[in-house]
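Given next are the chains, with one letter for each unit.
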Amino acid sequence: MTKEQFVVTAAQMRDIEGRIFAAGMPVAALMEKVGRLISDSFARHWQRLQSIIPLSPLFQGGLGGSNVGILAGPGHNGGDALVVARELHFQGYQVWIYQPFAKLKELTSQHLQYAQNLGIPCFTELAELPSCDFLIDGLFGFGLEREITGNIAEAINHFNDWNKPIFSIDLPSGLHTDTGEVLGTAIRATHTFCLGLWKQGLLQEQALEYIGQAELIDFDIPLADIHAILGEVTKIKRITKTTVFDTLSLPLSPTTHKYKSGHLLLISGSKRYAGGAILTGLGARASGVGMLSIAVPESIKPLLISHLPEALIIGCPETETGAISHLQLPPNTDLSSFNAIACGPGLTTDATPIIEQVINSDVPLILDADGLNILAQLGTISTLQKRQNTTILTPHTGEFHRLFPDINYQDRVKAVQTAASQTGAVVLLKGARTAISNPEGVVWINAESTPALARGGSGDVLTGLMGGILARVVNKQVNIEDVVAAAAWWHSQGGILAVKERTELGVDAFTLTQYLIRVLKLSIEDIL
Ligand SMILES: NC(=O)C1=CN([C@@H]2O[C@H](COP(=O)(O)OP(=O)(O)OC[C@H]3O[C@@H](n4cnc5c(N)ncnc54)[C@H](O)[C@@H]3O)[C@@H](O)[C@H]2O)[C@H](O)CC1
Ligand SMILES: [K+]
């Protein structure tokens, strides 16, 4: 487990830090270490930022000379900020401090006193403040306990209105550490330096517009202290490249062959939605699955063959509306011939018998799109109750609400945990921060994505990619939720790479399929 995977609440972070202090690490030393780490990381970011934003006329070139406004709070978040203030002062920045609080924690008060003795101007009133090139937000960290009101709320709104880059320490001040909700008002950060371990609130969708680019500042928290507080099996984890590569079982064995790399059956498409079948097939292709069979209505079989010559396209009888009426598998083949089935994109809701058939099979199954809408019509929990083998559901919020009308999906972590435990399935709830839970409540959060993926067809690609990975590794003793997390991570990283080269408007679903192998290659080069 790399530190990047752990996700903590304020209480857990306080307990972990409490263990570090109890073991002898002086609080002042930790604050000094953290302050220096932030200053170093900040200098790297500021060099990059300087190339894209105009600087104040006072700017004298080089790293120094920029004007820095430090917002210092009454607690140790403020203490961190004052250490940063001192370090940037010695690096030649023009630093001023805004510190409006009457009562400060002891350590924070000492750092303020030293900054003042160094001649760094300190202000308590907004009206007195000079201009600056950027701000460093050390008002509140995980010690924020209640709504921010009065002059502090006014100050936060005032700084947001300056439209200057704001670098927040630990969390944007005003965000609830655990839920990410705004307590009164909150700093809209350009960049957030999250300290030690990812705070749960930074992984919640409602926090996204306040966080900016988030970075973890690792200050060497011993793993033993983390596990002592979080337990050996941590409940909520952030998907990282390391976990994904463990699941994808790369590199391939030199003696592998196509039958050892899994056989996936996709059941998708209709006369009305042939594209869904093609996109799902292209997603599966990218997974490297050994054998790919795609069951579609007979009338679109030639279309699929032209897009996916390597796949076995199974033309099935169709209803008068052009949906698959029943599966007509090749001779000597039944559903148990496949390592996994992914079913739903483009099916339309006229394919109920197909969904009943795959649910009654004993094959690992992914249901998406119309497969989920039909499941909802059949009765989600009662229908899945009879399934013994792996089931994965991949709804977006609308499909989730149809499947689980009684579950409030605002708290996405709780929502997927509840849905997974009620159905015995692994449930992925799509979104800007996709959440995945297994029936035991172990949750993966995909913390990096791009709004460019919010387009028709993008989910079809994910279904095919996930189905291919599942078919490849299902017999390799992997956790099913790890497979789902690997697919979600790969899918979003493909989107992020496509945005870099084609802008946020250039990532249609077909283009996305062309970036999946590219992003894997770049990730392997980066990790090896
Ligand atoms: N624990 C440590 O020694 C280290 C912590 N790190 C940094 O410190 C903060 C956590 O510090 P803490 O003093 O516990 O709390 P905050 O600085 O986040 O909060 C400040 C203080 O403000 C008061 N307060 C809470 N809510 C409000 C409000 N709505 N209005 C006004 N005042 C409020 C409350 O009394 C708090 O004590 C952590 O985020 C790190 O930045 C270091 O990184 C390592 C050492
Ligand atoms: K802060």
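Since we're looking at a predicted model, the values are computed, not measured.

*Asks:* Any chance you could break down the overall build of the protein chain for me, citing the residues and the numbers?
*Replies:* Helices and strands together make up the secondary structure of the protein chain, namely 18 helices and 19 strands. On C-alpha atoms alone, the protein chain measures out to a radius of gyration of 26 Å, which is about the 24 Å that the 2.2 N^0.38 rule sets for 528 residues. For the C-alpha atoms alone, the extent of the protein chain along its principal axes is close to 85 × 45 × 45 Å. Restricting the contact set of the protein chain to residue pairs at least 6 apart, pairs at least 24 apart contribute 71%. For the protein chain, the distance from the average position of its 38 positive side-chain charges to the average position of its 50 negative side-chain charges is 5 Å.

*Asks:* Account for the packing of helix α9 (residues 274-286) against helix α16 (residues 458-473), with residues named and values stated.
*Replies:* Where α9 meets α16, the closest approach of the two axes is 6 Å, and the angle between their N-to-C directions is 40 degrees. Comparing the axis directions of α9 and α16 gives the class oblique. Along this stretch, α9 crosses α16, giving a crossing that reads as right-handed. Contacts between α9 and α16 involve G276, L279, T280, G283, A284 and A286 from the former and D460, V461, T463, G464 and L465 from the latter.

*Asks:* How would you summarise the pattern of salt bridges if you had to cite specific residues and measurements?
*Replies:* Side-chain pairing between opposite charges can occur once the charged atoms of the two side chains come close. Under the counting rule described, the total for this entry stands at 18 salt bridges. Across the pair K199 and D170 runs a salt bridge whose closest N-O atoms are separated by 2.8 Å. A residue pair is termed long-range when its members are at least 10 positions apart, and K199 in strand β8 (residues 198-199) and D170 in the loop between β6 (166-169) and β7 (191-195) qualify at 29 residues. The class for D170 is buried, based on a relative accessible area of 3%. The salt bridge involving K414 is made with D411; its shortest N-O contact spans 3.5 Å. Judged by relative accessible area, D411 falls into the partly exposed class, the value being 30%. Ionic contacts of the salt-bridge type, sharing partners, join the residues E32, R36, R86 and E87 into one network.

*Asks:* For the pairing of strand β14 (residues 340-343), give the residues involved together with the corresponding values.
*Replies:* Side-chain direction in a regular strand flips from residue to residue, so the side chains alternate between the two faces of the sheet. Side chains A340 and A342 project from β14 onto one buried face, and the interleaved I341 and C343 project onto a second face that is buried too. One ladder, built from three bridges, connects β14 with strand β15 (residues 365-367); its direction is parallel. Residue pairing across strands places I341 opposite L365, the latter belonging to β15. Handedness of the β14-helix α11 (residues 352-360)-β15 crossover: right-handed.

*Asks:* For the site of ligand 1, give the residues involved together with the corresponding values.
*Replies:* Taken together, 23 residues sit near ligand 1, with E17, N77, K105, G141 and D170 positioned nearest. A distance of 2.6 Å is found between an oxygen atom of ligand 1 and a backbone nitrogen or oxygen belonging to G141. The contact in question runs from an oxygen atom of ligand 1 to an N or O atom on the backbone of G143, over 2.9 Å. About the coverage of ligand 1: the protein hides 88% of its 840 Å² of free accessible area. Within the residue set of the shell around ligand 1, elements represented by two or more residues are α1 (10-22), α2 (27-50) and α3 (76-90). Its residues assigned to classes, the shell around ligand 1 comprises 10 nonpolar, five polar and eight charged.

*Asks:* Break down the coordination of the potassium ion (ligand 2) for me, citing the residues and quoting the values.
*Replies:* Coordination of the potassium ion (ligand 2) by the protein is provided by N77 (OD1), D137 (O), F140 (O), I169 (O), L171 (O) and S173 (OG), with metal-donor distances spanning 2.7 to 3.1 Å. Here the potassium ion (ligand 2) is ringed by six donor atoms whose angles at the metal span 69 to 170 degrees, and the overall shape comes out irregular. All donors to the potassium ion (ligand 2) come from one chain, and their sequence spacing reads N-x59-D-x2-F-x28-I-x1-L-x1-S. With a gap of 33 residues between them, F140 in the loop between β5 (134-138) and α5 (150-161) and S173 in the loop between β6 and β7 connect regions that are remote in the sequence. Of the two residues, F140 and S173, neither departs from the other in class, the shared state being buried.

*Asks:* Pulling in residues and values, what's your account of helix α7 (residues 223-230)?
*Replies:* Looking at α7, one finds that the buried residues are D225, I226, H227 and L230. Buried residues along α7 sit against β1 (7-8) and α1. One or two positions beyond α7, positive phi appears at G231, with a value near 90 degrees.

*Asks:* With reference to specific residues and values, describe the packing of α11 against helix α12 (residues 370-378).
*Replies:* Between α11 and α12, whose axes approach to 10 Å, the crossing angle comes to 85 degrees. Considered as vectors, α11 and α12 are oriented roughly perpendicular to each other. Contacts between α11 and α12 pair T352, I355, E356 and I359 from the former with G371, I374, L375, Q377 and L378 from the latter. A breakdown of the residues in the contact of α11 with α12 according to their chemical character gives five nonpolar, three polar and one charged.

*Asks:* Can you break down the packing of aromatic side chains residue by residue, with the values?
*Replies:* In the structure shown here, the tally under the stated rule is 14 aromatic pairs. On the basis of an interplanar angle of 80 degrees and a centroid distance of 5.9 Å, the ring pair of F101 and F140 is categorised as edge-to-face. Linking F101 in the loop between β3 (94-98) and α4 (106-117) with F140 in the loop between β5 and α5, this pair joins segments that are 39 residues apart in sequence. Using a relative accessible area of 18% as the deciding quantity, one classes F101 as buried. Their ring planes at 80 degrees and their centres at 6.5 Å tell us that F245 and W489 sit as a pair that is edge-to-face. Of this pair, F245 sits in helix α8 (residues 241-247) while W489 sits in helix α17 (residues 480-502), and the two are 244 residues apart along the sequence. Here the two residues F245 and W489 agree in accessibility, since each one is buried. These aromatic residues form a ring-pair network of at least three members: F42, Y93, F134, F167 and F193.

*Asks:* Outline the domain arrangement of the protein chain, listing residues and values.
*Replies:* Split by domain assignment, the protein chain resolves into domain 1 (3-233) and domain 2 (241-526). One C-alpha centre belongs to domain 1, the other to domain 2, and the line joining them spans 41 Å. On the domain 2 side, the residues contacting the six residues of domain 1 number 11 residues. Interface of domain 1 and domain 2: buried area, both sides summed, is about 720 Å²; carbon and sulfur atoms make up 65% of it.

Conventions used here
Residues numbered from 1 in each chain as written. Chains lettered and ligands numbered in written order. Predicted model: local features only at pLDDT ≥ 70, side-chain atom pairs only at ≥ 80, totals over all residues. Heavy atoms only, no water. Helix = DSSP H or I, 4+ residues; strand = E, 2+ residues; numbered from the N terminus. Rg over C-alpha atoms; globule rule 2.2 N^0.38 Å. Contact = heavy atoms within 4.5 Å. Lys, Arg positive; Asp, Glu negative; His and termini not counted. Charge placed at Lys NZ, Arg CZ, Asp CG, Glu CD. Axes fitted to C-alpha atoms, helices over the stretch in contact; angles between N-to-C directions. Parallel < 35°, antiparallel > 145°, perpendicular 65-115°, else oblique. Left-handed = near helix turned anticlockwise from the far one by under 90°. Salt bridge = Lys/Arg side-chain N within 4 Å of Asp/Glu carboxyl O. Buried < 20%, exposed > 50% of the residue type's maximum accessible area, 1.4 Å probe, protein only. Pairing = 2+ DSSP bridges. Right-handed = clockwise from strand over helix to strand, strands pointing away. Near = heavy atom within 4 Å. Polar contact = N/O pair within 3.5 Å; in protein donor to acceptor, adjacent residues only side chain to side chain. Areas by Shrake-Rupley, 256 points an atom, 1.4 Å probe, with all protein chains shown as cover. Nonpolar A, V, L, I, M, F, W, Y, C, P; charged D, E, K, R; others polar. Donors = N, O, S within 2.8 Å, 3.2 Å for Na, K, Ca; no water. Tetrahedral: all angles 85-135°; square planar, octahedral: opposite > 155°, others 65-115°. Phe/Tyr/Trp six-rings, centres within 6.5 Å; stacked < 30°, edge-to-face > 60°. Domains from an automatic or database assignment. Buried area = accessible area lost by both parts, 1.4 Å probe.

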